[in-house]
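Descriptive analysis of the structure
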Amino acid sequence: TPDHTDMQAYFDEDPGLDVSFAWDLGLRGTGIRISDAEYGWNADHEDLVDADITPEPGQTMHPSVVANGWDEHGTAVLGEMIAVENSFGVTGIAPEAAIYTFPEWSVEDGVRRAAAVTAAIAASSAGDVVLLEMQAPGDGGGFGPAELDPVIHTLTMTGTAAGVVIVAAAGNGSQDLDDSVYDDYASWPDSGAIIVGAGTNSTAHDKLFFSTFGDRVDLQGWGTSVFTLGYGSFAEYGGDKNQRYTSSFDGTSS
């Protein structure tokens, strides 16, 4: 597998995150715990096998997740964050961070979104990060952030009150959270989560058509053309699932 780090334009100062600035300060994720709650991951990917990844004890990702290809999503997410710095593939923004995974569909418990979020928050301390790579149907007919579910909202408030940094996808349903149909949600206290919408990969980061938006959404990140692990739309070297790469990971997830 070639070195594809030159494809990671979101590393750049403009229109990306200026990752080099953080790295020059010695900030590479050392000592940071990130807990990712979603369906699944392929920890056997060649660019993740040497990463610091710990699965939730007593929970096994449901085989249907792999059968449906949903583990590719989590693989792409981990690629952006903690892919190992080496001579091939990509490099994560915080390659020295420790990742803990919490599946929302397991062999042991079945569908368990609330339990996964609960476990991720309970295992975290102040300053740790919990990532909610999930969305929920809203009253406007499309997908919004997971905290549209009052249970997830309450759990999120509990976590942020304890100092846990919770980052949540805004959802891909093009919902206007300021619309009156969401008045009930707007009446709830702010959960404290950082809710991220999907923007263009230009300096302006203009909202993409599918991204949920509104005053509650804190920022828009790269929501298109993200080069990372998984899927194989860019390449699948040797016909090996563990050597898949994509140049088009998108959505509020990316």
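The preceding data block contains the structure.
Moving on, we get to the environment of Ala114. Within the secondary structure layout, Ala114 lies in helix 4 (residues 113–122). Relative accessible area serves as the criterion here: at 31%, Ala114 is assigned to the partly exposed category. Spatially, the C-alpha atom of Ala114 lies 6.4 Å from that of Ile152, the residues being 38 residues apart in sequence. The residues contacting Ala114, other than those within four sequence positions of it, are Val151, Ile152 and Leu155.

Here the focus is unusual backbone geometry. Asp14 connects to Pro15 through a cis peptide bond whose omega is 20°. Within the element layout of this structure, Pro15 appears in the segment before helix 1 (19–24). Unusually for a residue other than glycine, Asp18 sits at a positive phi of about 55°. Within the fold, Asp18 resides in the segment before helix 1.

So, on to the sheet that holds strand 1 (residues 33–38). Read across the open sheet, the 7 strands follow the order 2-3-1-6-9-10-11; overall the sheet is parallel. Single-partner strands in this sheet number two, and they are strand 2 (53–55) and strand 11 (219–222). Across the sheet, the axes of successive neighbouring strands diverge by a mean angle of 30°, strand direction being ignored. As judged from the 3 bridges shared by strand 2 and strand 3 (residues 98–103), these two strands associate in the parallel manner. Looking at the pairing, Thr54 lines up with Tyr100 of strand 3. In the packing of helix 4 onto the sheet, contacts are made with strand 1, strand 3, strand 6 (129–132) and strand 9 (165–169), and the angle to strand 3 comes to roughly 155°.

Now for a nonpolar patch on the surface. A cluster of nonpolar side chains, contributed by Phe21, Leu25 and Leu27, occupies part of the molecular surface with about 340 Å² of accessible area. One can find Phe21 in helix 1.

Attention now goes to the pairing of strand 14 (residues 244–249). With 3 bridges joining them, strand 12 (residues 226–229) and strand 14 adopt antiparallel strand pairing. Residue pairing for strand 14: Val226 is matched across the bridge by Phe249.

Before going further, it helps to examine the nonpolar core. Counting 29 residues, the largest nonpolar core has Ile34, Leu78, Met81, Ile82, Val90, Ile99 and Leu229 as the members making the most contacts within it. Of all elements in the fold, only helix 1, helix 3 (71–82), strand 6, strand 12 and strand 14 reach the threshold of two or more residues within this core. At 5 residues, the largest contribution of residues to this core is made by helix 3. Those residues within four positions of Ile99 in sequence are excluded, and the remaining contacts are Ile34, Asp52, Ile53, Thr54, Leu78, Met81 and Ile82. Core analysis: the next-biggest nonpolar cluster, separate from the first, contains 24 residues, Ala116, Val130, Leu148 and Val217 among them.

Right, let's get into helix 3. The α-helix advances 3.6 residues per turn, and as a result positions three or four apart in sequence lie on the same side. Along its 12 residues, helix 3 runs 16 Å from first to last C-alpha, staying within 8% of the 16 Å computed at 1.5 Å per residue. A large share of helix 3 lies buried, amounting to 12 of its 12 residues. Restricting attention to buried positions, one finds in helix 3 the residues Asp71, Glu72, His73, Gly74, Thr75, Ala76, Val77, Leu78, Gly79, Glu80, Met81 and Ile82.

For the coordinates displayed, the defined rule picks out 10 aromatic pairs. Measuring from centroid to centroid gives 5.9 Å for Tyr10 and Trp222, while their planes differ by 65°, and the two rings are edge-to-face. Taken as a pair, Tyr10 in the segment before helix 1 and Trp222 in strand 11 lie far apart in primary sequence, 212 residues in all. A single burial state applies to Tyr10 and to Trp222, both of which are buried. Taking the centre distance of 6.1 Å and the plane angle of 40° together, the rings of Trp70 and Trp105 count as tilted. One end of the pair, Trp70, is in the loop between helix 2 (63–67) and helix 3; the other, Trp105, is in strand 4 (residues 105–106), and 35 residues separate them in sequence. Among the aromatic residues, ring-to-ring pairing joins Tyr10, Phe11, Trp23 and Trp222 into one connected group. Sitting above the plane of the Tyr100 ring, Arg33 keeps its charged end 3.5 Å from the centroid.

Quick notes on the rules
- Residues numbered from 1 in each chain as written.
- Predicted model: local features only at pLDDT ≥ 70, side-chain atom pairs only at ≥ 80, totals over all residues.
- Heavy atoms only, no water.
- Helix = DSSP H or I, 4+ residues; strand = E, 2+ residues; numbered from the N terminus.
- Buried < 20%, exposed > 50% of the residue type's maximum accessible area, 1.4 Å probe, protein only.
- Contact = heavy atoms within 4.5 Å.
- Pairing = 2+ DSSP bridges.
- Axes fitted to C-alpha atoms, helices over the stretch in contact; angles between N-to-C directions.
- Patch = residues over 30% accessible without salt bridge, like charges linked within 9 Å, V, L, I, M, F, W, Y side chains within 5 Å.
- Areas by Shrake-Rupley, 256 points an atom, 1.4 Å probe, with all protein chains shown as cover.
- Salt bridge = Lys/Arg side-chain N within 4 Å of Asp/Glu carboxyl O.
- Core = buried A, V, L, I, M, F, W, Y, C linked by side-chain atoms within 4.5 Å.
- Expected span 1.5 Å × (residues − 1).
- Phe/Tyr/Trp six-rings, centres within 6.5 Å; stacked < 30°, edge-to-face > 60°.
- Lys NZ or Arg CZ within 6 Å of the ring centre and 35° of its normal.

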